[in-house]
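Survey of secondary and tertiary structure
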Amino acid sequence: MARVLPFEERELLVAAAWLHDIGYAAELTDTGLHPLDGARYLLRAGISPRVCGLVAHHSGASAVAEVTGMADQLAEFPDERGRLRDALWYSDMTTSPDGHSITVEARLAEIRQRRGPEDPVVRALDINVDERLAAVRRVHRLLRRTYS
Ligand SMILES: [Fe+2]
């Protein structure tokens, strides 16, 4: 699906997609906000700041930071808008935890069921579910245009 992007952004998408959840690694956990912990680690490791920003803000992380009181810390990283960000969110929001393609609706239901109503990610859906769905819709349109 990277083909919906300009050539120079395709590798960035693939890198961000591979790395976006690296902050879940126990040895990297600091704040507990995995997008932030992952992005800080990647920045220290010399990864492109653009990839770090994509990781920091993937799939509605800013709303999670808001409900957990970490918005100021997450703001250390720029939140770019546009196709590259949408493509990363789309990839995350249409892939099950075991790596299968699923609809965004199934993914959202899976997140709610697996995490439970008190989890900050689920509470953040009240703030960002529309933004997540909009990103997926935009990429669906791009995919249709690219492959029709
Ligand atoms: Fe994540």
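Look above for the structure.
The text that follows walks through the structure, step by step, so that each part is easy to find. (Residues numbered from 1 in each chain as written. Predicted model: local features only at pLDDT ≥ 70, side-chain atom pairs only at ≥ 80, totals over all residues. Heavy atoms only, no water.)

**Section: the packing of helix H2 (residues 34-44) against helix H3 (residues 49-56)**
- Running from N to C, H2 and H3 cross one another at 170 degrees; their axes reach a closest spacing of 8 Å. In terms of axis orientation, H2 runs roughly antiparallel to H3. Along its contact with H2, which presents Pro-35, Gly-38, Ala-39, Leu-42 and Leu-43, the element H3 presents Pro-49, Cys-52, Val-55 and Ala-56.
- Of the residues that constitute the contact of H2 with H3, the class distribution is eight nonpolar, one polar and no charged. (Axes fitted to C-alpha atoms, helices over the stretch in contact; angles between N-to-C directions. Helix = DSSP H or I, 4+ residues; strand = E, 2+ residues; numbered from the N terminus. Parallel < 35°, antiparallel > 145°, perpendicular 65-115°, else oblique. Contact = heavy atoms within 4.5 Å. Nonpolar A, V, L, I, M, F, W, Y, C, P; charged D, E, K, R; others polar.)

**Digging into the packing of helix H6 (residues 83-93) against helix H8 (residues 120-147)**
- Viewed as axis vectors pointing N to C, H6 and H8 meet at an angle of 105 degrees, and their least axial separation amounts to 8 Å. By the angle class used here, H6 and H8 are roughly perpendicular. Facing H6, whose interface residues are Arg-83, Arg-85, Asp-86, Ala-87, Trp-89, Tyr-90 and Met-93, H8 presents Glu-131, Arg-132, Ala-135, Val-136, Arg-138, Val-139, His-140, Leu-142, Leu-143 and Arg-145.
- Residues of the contact of H6 with H8, tallied by class, amount to nine nonpolar, one polar and seven charged.

**Details of H2**
- Where burial is concerned, most of H2 is hidden: eight out of the eleven residues are buried.
- By the burial criterion, the buried members of H2 are His-34, Pro-35, Leu-36, Asp-37, Gly-38, Ala-39, Arg-40 and Leu-42.
- In this structure, the buried residues of H2 make contact with helix H1 (7-19), H3, helix H4 (61-67) and helix H5 (71-74).
- One or two positions beyond H2, positive phi appears at Gly-46, with a value near 85 degrees. (Buried < 20%, exposed > 50% of the residue type's maximum accessible area, 1.4 Å probe, protein only.)

**Looking at the nonpolar core**
- One finds Leu-13, Leu-33 and Leu-74 to be the most contacted residues of the largest nonpolar core, which totals 39 residues.
- Of all the elements in the fold, those that place two or more residues in this core are H1, H2, H3, H4, H6, helix H7 (104-115) and H8.
- Per element, the largest residue contribution to this core is nine residues, and it comes from H8.
- Contact partners of Leu-13, with chain neighbours within four places excluded, come to Ala-2, Leu-5, Leu-84, Ala-87 and Leu-88. (Core = buried A, V, L, I, M, F, W, Y, C linked by side-chain atoms within 4.5 Å.)

**Overview of the coordination of the iron ion**
- Around the iron ion, the protein supplies Asp-21 (OD), His-34 (NE2) and His-58 (NE2) as donor atoms, at distances of 2.1 to 2.2 Å.
- Counting residues between consecutive donors of the iron ion along the chain gives the motif D-x12-H-x23-H. On the criterion of sequence distance, the pair formed by Asp-21 in the loop between H1 and H2 and His-34 in helix H2 is long-range, its members being 13 residues apart.
- For His-34, a relative accessible area of 12% puts it in the buried group. (Donors = N, O, S within 2.8 Å, 3.2 Å for Na, K, Ca; no water.)

**Observations concerning the pattern of salt bridges**
- On inspection of all chains with the given rule, the structure shows 13 salt bridges.
- With its nearest N and O atoms 2.6 Å apart, the salt bridge here joins Asp-86 to Arg-138. Taken together, the residues span a long stretch of sequence, with Asp-86 in helix H6 and Arg-138 in helix H8 at a distance of 52 residues.
- The exposure class assigned to Arg-138 is partly exposed, which follows from its relative accessible area of 33%.
- Arg-115 is the partner of Asp-119 in a salt bridge, and the nearest nitrogen-oxygen pair spans 3.3 Å. (Salt bridge = Lys/Arg side-chain N within 4 Å of Asp/Glu carboxyl O.)

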